[in-house]
Amino acid sequence: MTGDSVGKVLAVVSQKGGVGKTTTAVNLAAAFARRGLKTLLVDVDPQGSVRYGVGLRRGHPTYGFADFLNGERGLREVILPTVLPWLRVMLVGTVTEQADHAFYQQLVAETTLLADLLNTARERCHVVVVDTPPGLGPVARRVLEQSQHVIVPLQSEPLALQTTPQILRGIQDVVATNEELTLDGILLTMYEATNPAHQRVADYVRQHLPANLVFDVMVPRTPAAADAFAAGQPVVLRDPADPAAQAYVNLATLLAERLR
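Residues numbered from 1 in each chain as written. Predicted model: local features only at pLDDT ≥ 70, side-chain atom pairs only at ≥ 80, totals over all residues. Heavy atoms only, no water.

### As for the side chain of N27
- Examined against the element boundaries, N27 turns out to sit in helix α1 (residues 21-34).
- Overall, N27 belongs to the buried group, its relative accessible area being 2%.
- Only 2.9 Å separates the side chain of N27 from the backbone nitrogen of V235, close enough to count as a polar contact.
- Of the polar contacts made by the side chain of N27, one reaches the backbone nitrogen of V236; its length is 3.1 Å.
- What N27 contacts, discounting residues up to four positions off in sequence, is P234, V235, V236 and Y248. (Helix = DSSP H or I, 4+ residues; strand = E, 2+ residues; numbered from the N terminus. Buried < 20%, exposed > 50% of the residue type's maximum accessible area, 1.4 Å probe, protein only. Polar contact = N/O pair within 3.5 Å; in protein donor to acceptor, adjacent residues only side chain to side chain. Contact = heavy atoms within 4.5 Å.)

Now the structure itself:
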């Protein structure tokens, strides 16, 4: 892919963990691939949760981005196939086994390797989905500096509201240096329509943020979504009729138009 047809980088960021960030990255990537978009899912979060839910084949290698970063593996070695023909994945790699991630963060922050990797991926893919570490530390900021799009999963819990201004300010800071970056929206996740607290969070977010910053699509909390991740598969593949799967497919349809 060259010229105007070069692919786009979509970062998935959140201020804290446990909000459905990785589940969102995995299911959007799978939904894009099912639409026929050449998709690469890159995990740069040292927690390395992508490997548990993306539908990798049994016995797959566990090395990935960190091992490419430190020169131990070549790019071809760290891009793995999945059950979907149009979806490839790059795990975060052996950094998950290390107690201290400082050297990994330093390599990301102080070299151009991440930027080079994402630029190469853009030439070969329609979309590159990046699952970032929670917060806006050096790794997440580096990803945003190279991204064209960003979405923010927000758990439908009152405590989650406290972190929203921080993440929005952080993204705004990056936009000042990366004019290509667009905040596509906040995605409410783990939503339970019967829970009054969840409804209050949804109402508050919609009342206090510009309408174009909050997706109409909300991802419900469903047993099928949890079961799918436990089974190592995206819910959009394992149970396409599930409401959470349909929410991710609808969001992918919307984003695919913007990513053109």
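### So, the nonpolar core
- V44, F65, Y104, V128, L144 and I171 are the most contacted members of the largest nonpolar core, which totals 49 residues.
- If sequence neighbours within four positions are ignored, F65 has contacts with D43, V44, M90, L91, V92, G93, Y104, V108, L114 and L117. (Core = buried A, V, L, I, M, F, W, Y, C linked by side-chain atoms within 4.5 Å.)

### Let's talk about the packing of aromatic side chains
- Applying the stated criterion across every chain yields a total of 1 aromatic pair.
- With 6.0 Å between their ring centres and 85° between their planes, F65 and Y104 make a pair best called edge-to-face. A residue pair is termed long-range when its members are at least 10 positions apart, and F65 in helix α3 (residues 65-69) and Y104 in helix α5 (residues 102-110) qualify at 39 residues.
- Between the NZ or CZ atom of R73 and the centre of the ring of Y63, over which it lies, the distance is 3.9 Å. (Phe/Tyr/Trp six-rings, centres within 6.5 Å; stacked < 30°, edge-to-face > 60°. Lys NZ or Arg CZ within 6 Å of the ring centre and 35° of its normal.)

Everything listed here is a matter of geometry and, on its own, says nothing about what the molecule does.
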